[in-house]
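Spelled out, the chains give:
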Amino acid sequence: MDNENTADLQARITALKLEHRDLDAAIVAMTLAPGADQLQLTRLKRRKLQLKDSIARLESRLIPDLDA
């Protein structure tokens, strides 16, 4: 993997982590609010899990393949 591609992956991971952190804050705020929309809360949690999976996939691409 070349340095440019690695830099692109790092930038994408950083953006996804930022979105994940923002969603976490929104979920906490929504949970504390009285009368929170449970459907919206569920959708935010699902999106947060999708982001976590995407981050993990991208981070695994940064790990070099080692020949055994």
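Small disclaimer: the values here were computed from a predicted structure and weren't measured.

> Help me out: how do you make sense of the overall build of the chain in this one?
The number of helices and strands found in the chain is two helices and zero strands. When each of the 68 residues of the chain is scored for burial, the buried share is 16%. Contacts in the chain between residues at least 24 apart in sequence constitute 70% of all its contacts with a sequence separation of at least 6. Entry remark: accessible area of the chain is about 5400 Å², with carbon and sulfur atoms responsible for 53%. When the 11 positive and 11 negative side-chain charges of the chain are each reduced to one mean point, those points stand 10 Å apart.

> Is there a simple way to explain helix α1 (residues 3-32) in this structure?
Taking 1.5 Å per residue as the helical rise, α1 with its 30 residues ought to reach 44 Å, and the 43 Å between its terminal C-alpha atoms agrees with that figure. Every buried residue of α1 is listed here: L9, I13, L16, L23, I27 and M30. In this fold, the buried residues of α1 make contact with α2 (38-62).

What counts and how
Residues numbered from 1 in each chain as written. Predicted model: local features only at pLDDT ≥ 70, side-chain atom pairs only at ≥ 80, totals over all residues. Heavy atoms only, no water. Helix = DSSP H or I, 4+ residues; strand = E, 2+ residues; numbered from the N terminus. Buried < 20%, exposed > 50% of the residue type's maximum accessible area, 1.4 Å probe, protein only. Contact = heavy atoms within 4.5 Å. Areas by Shrake-Rupley, 256 points an atom, 1.4 Å probe, with all protein chains shown as cover. Lys, Arg positive; Asp, Glu negative; His and termini not counted. Charge placed at Lys NZ, Arg CZ, Asp CG, Glu CD. Expected span 1.5 Å × (residues − 1).

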